Structure formats: structure tokens, C-alpha cells
Amino acid sequence: AREEAWREIAASAHTAVLAADVWHARGKEVLAEGGREKEAEEMFRVASGTVERSAEGAVHGRALLELGKLALERGAVEEALSRYAQAAKDTWPDQGAELLVCTGLALEARGQIEGAVKLYSRAMTLPEPPKEAYHHLAAAMASQGTLSDDQTDRIGQYFQKALEMGMELTPAAVKHLGAKHPHVMRAAQIAEWRKAQGD
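Residues numbered from 1 in each chain as written. Predicted model: local features only at pLDDT ≥ 70, side-chain atom pairs only at ≥ 80, totals over all residues. Heavy atoms only, no water.

Caption draft 1: Inspection of the overall build of the protein at higher detail. Scanning the protein from terminus to terminus reveals eleven helices and zero strands. The N-to-C order of helical and strand elements in the protein reads α-α-α-α-α-α-α-α-α-α-α. Based on the C-alpha atoms only, the size of the protein along its principal axes is roughly 60 × 40 × 30 Å. Evaluated residue by residue, the protein yields a buried proportion of 39% over its 199 residues. Long-range contacts, defined as pairs at least 24 residues apart, comprise 43% of the intrachain contacts of the protein with a sequence gap of at least 6. A total of about 11300 Å² of accessible surface is found on the protein, and carbon and sulfur atoms cover 52% of it. (Helix = DSSP H or I, 4+ residues; strand = E, 2+ residues; numbered from the N terminus. Buried < 20%, exposed > 50% of the residue type's maximum accessible area, 1.4 Å probe, protein only. Contact = heavy atoms within 4.5 Å. Areas by Shrake-Rupley, 256 points an atom, 1.4 Å probe, with all protein chains shown as cover.)

Caption draft 2: Inspection of the nonpolar core at higher detail. In terms of nonpolar packing, the biggest core is built from 51 residues, with Tyr84, Leu137 and Tyr158 touching the most fellow members. The leading source of residues in this core is helix α6 (residues 97-109), at seven residues. (Core = buried A, V, L, I, M, F, W, Y, C linked by side-chain atoms within 4.5 Å.)

Caption draft 3: Expanded view of the environment of Ala20. Mapped onto the fold, Ala20 is located in helix α2 (residues 16-33). For the pair Ala20 and Glu52, spaced 32 residues apart in sequence, the C-alpha to C-alpha distance is 9.9 Å. Leave out the neighbours within four places in its chain, and Ala20 touches Ala47, Thr50, Val51 and His60.

Caption draft 4: How the structure looks around unusual backbone geometry. The residue Gln95 is not glycine, and still its phi comes out positive at about 60 degrees. Among the structural elements, Gln95 can be located in the loop between α5 (77-87) and α6. For Gln95, a relative accessible area of 49% puts it in the partly exposed group.

Caption draft 5: Just helix α11 (residues 182-197), in detail. Taking 1.5 Å per residue, 16 residues should reach 22 Å; α11 reaches 22 Å between its end C-alpha atoms and fits that length. Gly198 occupies a position one or two residues after α11 and carries a positive phi of about 75 degrees. (Expected span 1.5 Å × (residues − 1).)

Caption draft 6: Structural view of the side chain of Ser48. Relative to the helices and strands, Ser48 is located in helix α3 (residues 37-54). Not counting chain neighbours up to four residues away, the residues in contact with Ser48 comprise His60, Ala63, Leu64 and Leu67.

Caption draft 7: Representation of the packing of α2 against α3. Close contact between α2 and α3 brings their axes to 8 Å; oriented N to C, the two are set at 170 degrees. Compared by their axis directions, α2 and α3 come out roughly antiparallel. Across the interface between the two elements, Ala16, Val17, Ala19, Ala20, Trp23, His24, Arg26, Gly27, Lys28, Val30 and Leu31 of α2 pack against Glu37, Glu39, Ala40, Met43, Phe44, Val46, Ala47, Thr50, Val51 and Ser54 of α3. Residues belonging to the contact of α2 with α3 are distributed by class as follows: 13 nonpolar, four polar and four charged. (Axes fitted to C-alpha atoms, helices over the stretch in contact; angles between N-to-C directions. Parallel < 35°, antiparallel > 145°, perpendicular 65-115°, else oblique. Nonpolar A, V, L, I, M, F, W, Y, C, P; charged D, E, K, R; others polar.)

Caption draft 8: Seen up close, α2. Its 18 residues give α2 an end-to-end C-alpha distance of 26 Å, which sits within 8% of 26 Å, the value for a rise of 1.5 Å per residue. When we look at burial in α2, the residues that qualify are Ala19, Ala20, Val22, Trp23, His24, Arg26, Gly27 and Val30. The first or second residue beyond α2 is Gly34, which carries a positive phi of 80 degrees.

Caption draft 9: A look at the packing of helix α4 (residues 61-73) against α6. Where α4 contacts α6, the axes come no closer than 11 Å and their chain directions differ by 25 degrees. Comparing their axes, α6 and α4 come out roughly parallel. Seen along the crossing, α4 lies across α6 with a hand that is left-handed. Contact with α4, carried on its side by Leu65, Lys69 and Leu72, involves Glu98, Leu99, Cys102, Leu105, Ala106 and Ala109 of α6 and no other residues of that element. Residues belonging to the contact of α4 with α6 are distributed by class as follows: seven nonpolar, no polar and two charged. (Left-handed = near helix turned anticlockwise from the far one by under 90°.)

Printed below as a string of C-alpha cells:
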């Protein structure tokens, strides 16, 4: 019954973009429930297809972004990069910050660390840089072998900034900063508190 209600809402939308937005929103909701990735993927496909059929060259960037993320999760790197390239044709209120980070992750999965570093760095220059840009830039830089003292310091600053912005603690951050670092200890305490709250 609930799915039928969503279908009716999408069908009654005044424009293809609004109908696609409904499908995208429902896909995100289904994805958040966990274990229903295939259903969510189908909803994102419907959202994307609805806009593509409405006008030549039109895309639903947010649906394509989600399709790319799902593709990357299952190891389909080239499909993810293709989805992200399509999504880049859309207009992004955040100037594509999340898209830059996701594309960087796909490039890393392909072994193109330098390309990923460039995208994370670009995301960090935006008016509202995402915490993931700082974290993934630090992790990518740290993975490149022997580092100068300056590079080590910058990596530490990026991990700290990501944690200050609310990034969850990761093994890469702990390894670089150390378990006794104040930012690491604070993030660990927050994680424990959230776990206790059932978050």
C-alpha cells in the first residue's frame, strides 16, 4: 500500500523533475532501511530515466550519484565513474561537493590516487567543503608511502579537521594521529555515546 501511494504521488507530479524527485526521495528512504539496495537502485533508475526522457540532455544528478555509489559498493568502478560523469552534467546547489568526493573514491578504487587527491582538494576549496573531502584527502596522501615532515603535518591537520567536522573515526585516522590524540579520543567518546543511545 505504501509503495502504491508513492507511485500515485510520482504520477501526479506536475513535471518530470518533480516526479523524479519523488522517486529519488523514496529510494533514499528505502536505502536507509538497510538490506533493500536492489529496490532502492530501481527507484533511482526510475528517477533518472524519468528526467532523461523529458528533454534531450537532461539528467537527475542526485539519482545518478546514488546509482554510482551503489555501483562502487559492489565493485563496479567503471559503472560508478560513468554515473558520476553523467551526474556532473546537472546543476548542483553545493557545487558538486559530494560528487567530487565520490568520484575521487572511484578513482582511488581504480588506483588513480593522484586524480583522487585533485578532486578531494577541489572539494575542499568550495564554500562548504564536506568533512569527507578532508578525511579522504588525508587517507589518500597517507597511502602514498614515504612522507616528508610537512606532508605528515598536513595529513594530520586534514584528519583533525574531518574529525572536528563530525567525521566518524576510522582506522586510517587512528593510525596517523595515534590512539591518544585528543581528536581521536573525543571522536571515540562520541562514537561510544551514540552507540549507547542506540543511534
